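Below are the chains, spelled out letter by letter.
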Amino acid sequence: MAAVMNNRRYANQYASVHTESIVEESSPHALIQMLMGGFLMQVNAAKGAIIQNNWEAKSTHISRAISIVGGLIDGLDMERGGSIAENLTRLYEYINAKLFQASAENSIEMLDEVSDLMRSVKEAWDAIPEEHRG
């Protein structure tokens, strides 16, 4: 049992260092892509947890998705972003409100809705030409 715990601890430490190095080496554009991808993974995991009646996991995954959206909001440059940043703020706030509601109602349909919204934003973000990603 102690060997399993040590292995798990070492794996967690490796994952943490690996994640930190990826973040340090990534461009701001790539970090936003990672956040959006992470959001989609968390929402998908929350849907699976609802299907399995695993309420603790559902809450964990939805909480992580809400935190990611908070990070996306914090990353918006309201001065330089103008109306685009304002519209994204409103969209992200709507997504978070829907996440809270989906959690309270165990609604896969609401989770599908926020996934579709984020996927649309991510597709637009991914389509930004390389020369405009600075």
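Residues numbered from 1 in each chain as written. Predicted model: local features only at pLDDT ≥ 70, side-chain atom pairs only at ≥ 80, totals over all residues. Heavy atoms only, no water.

Section: the packing of helix H2 (residues 28-51) against helix H5 (residues 108-126)
Helix-helix packing: each pair is described by the crossing angle between the helix axes and the interaxial distance. What counts, and what does not: Structural elements are reduced to axes, namely lines fitted to C-alpha atoms, with helices fitted over the stretch in contact, and the angle between N-to-C directions of any two is expressed from 0 to 180 degrees. By the criteria applied, helices consist of DSSP H or I runs no shorter than four residues and strands consist of E runs no shorter than two, each listed in order from the N terminus. Orientation labels follow simple angle bins: below 35 degrees gives roughly parallel, above 145 gives roughly antiparallel, 65 to 115 gives roughly perpendicular, and whatever is left gives oblique. Crossing chirality is assigned from the near helix's rotation relative to the far helix, an anticlockwise turn below a right angle marking it left-handed and a clockwise turn marking it right-handed. Contacts are assigned to residue pairs that have any heavy atoms within 4.5 Å of one another. Note that Gly is not counted as nonpolar here; it falls among the polar residues with everything else outside the nonpolar set of Ala, Val, Leu, Ile, Met, Phe, Trp, Tyr, Cys and Pro and the charged set of Asp, Glu, Lys and Arg.
Following both chains from N to C, one finds H2 and H5 inclined at 165 degrees, their axes separated by 10 Å at the closest point. The angle between H2 and H5 places the two elements in the roughly antiparallel class. Where H2 crosses over H5, the two elements pack in a sense that is left-handed. In contact with His-29, Ile-32, Gln-33, Met-36, Gly-37, Phe-39, Leu-40, Val-43, Ala-46, Lys-47, Ile-50 and Ile-51 of H2, H5 contributes Ile-108, Leu-111, Asp-112, Val-114, Ser-115, Met-118, Arg-119, Val-121, Lys-122, Trp-125 and Asp-126. Within the contact of H2 with H5, the residues separate by chemical class into 14 nonpolar, 4 polar and 5 charged.

Notes on the pattern of salt bridges
This is how it is decided: We define a salt bridge as a contact between a side-chain nitrogen of Lys or Arg and a carboxyl oxygen of Asp or Glu at a distance within 4 Å. Remark: exposure states derive from per-residue accessible area (1.4 Å probe, protein chains only) relative to the maximum for the residue type, with buried under 20%, exposed over 50%, and partly exposed in between.
Taken as a whole, this structure holds 5 salt bridges when the rule is applied. A salt bridge links Asp-77 to Arg-80, with the shortest nitrogen-to-oxygen separation between them at 3.7 Å. Note on Asp-77: relative accessible area 36%, which makes it partly exposed. With relative accessibility at 73%, the residue Arg-80 sits in the exposed group.

Description of the nonpolar core
For clarity, the cut-off: Remark: nonpolar core denotes a set of buried residues (Ala, Val, Leu, Ile, Met, Phe, Trp, Tyr, Cys) joined through side-chain atoms within 4.5 Å.
Grouped together as the largest cluster of nonpolar side chains are 25 residues, with contacts concentrated most on Phe-39, Tyr-92, Ile-95, Leu-99, Leu-111 and Met-118. Mapped onto this core, the elements with two or more residues apiece are H2, helix H3 (55-74), helix H4 (78-105) and H5. Considering each element in turn, this core owes the most residues, 7 residues, to H2. Residues in contact with Leu-99, not counting those within four places in the same chain, are Phe-39, Val-43, Ile-62, Ala-65, Ile-66, Val-69, Leu-111 and Val-114.

Notes on the confidence of the model for the protein chain
In plain terms, the rule: Within a predicted model, pLDDT stands for the predictor's per-residue confidence, ranging from 0 to 100.
With 81% of its residues at a pLDDT of 70 or more, the protein chain shows a mean pLDDT of 87. Ignoring residues within four places in sequence, the model shows residues 14-19, a span with pLDDT below 50, making 0 contacts including any to other chains.

Examining the side chain of Asn-96
When you line up the elements, Asn-96 lands in helix H4. For Asn-96, a relative accessible area of 12% gives the class buried. In this structure Asn-96 touches Ile-66, Val-69 and Gly-70, once residues within four positions along its chain are discounted.

Section: unusual backbone geometry
One non-glycine residue, Asn-53, lies in positive phi territory at about 60 degrees. For Asn-53, the position within the fold is in the loop between H2 and H3. Positive phi is not limited to glycine here, since Asn-106 has a value of about 50 degrees. Along the polypeptide, Asn-106 turns up in the loop between H4 and H5. Taking the relative accessible area as the measure of exposure, Asn-106 reaches 29% and is therefore partly exposed.

Some points on H5
Under the convention used in this document: Working rule for helices: expected span equals 1.5 Å times residues minus one. What the arc covers is the set of directions going from the helix axis to the C-beta atoms.
Given a rise of 1.5 Å per residue, 19 residues ought to cover 27 Å, and the 26 Å separating the end C-alpha atoms of H5 matches this to within 8%. Of all the residues in H5, the buried ones are Met-110, Leu-111, Val-114, Ser-115, Met-118, Val-121 and Lys-122. The arc that holds the buried residues of H5, viewed along the axis, is 135 degrees, so those residues lie on one side. Those residues of H5 that are exposed and aimed more than 90 degrees away from the buried face are Glu-109 and Glu-123. Where H5 is buried, its residues meet H2, H3 and H4.

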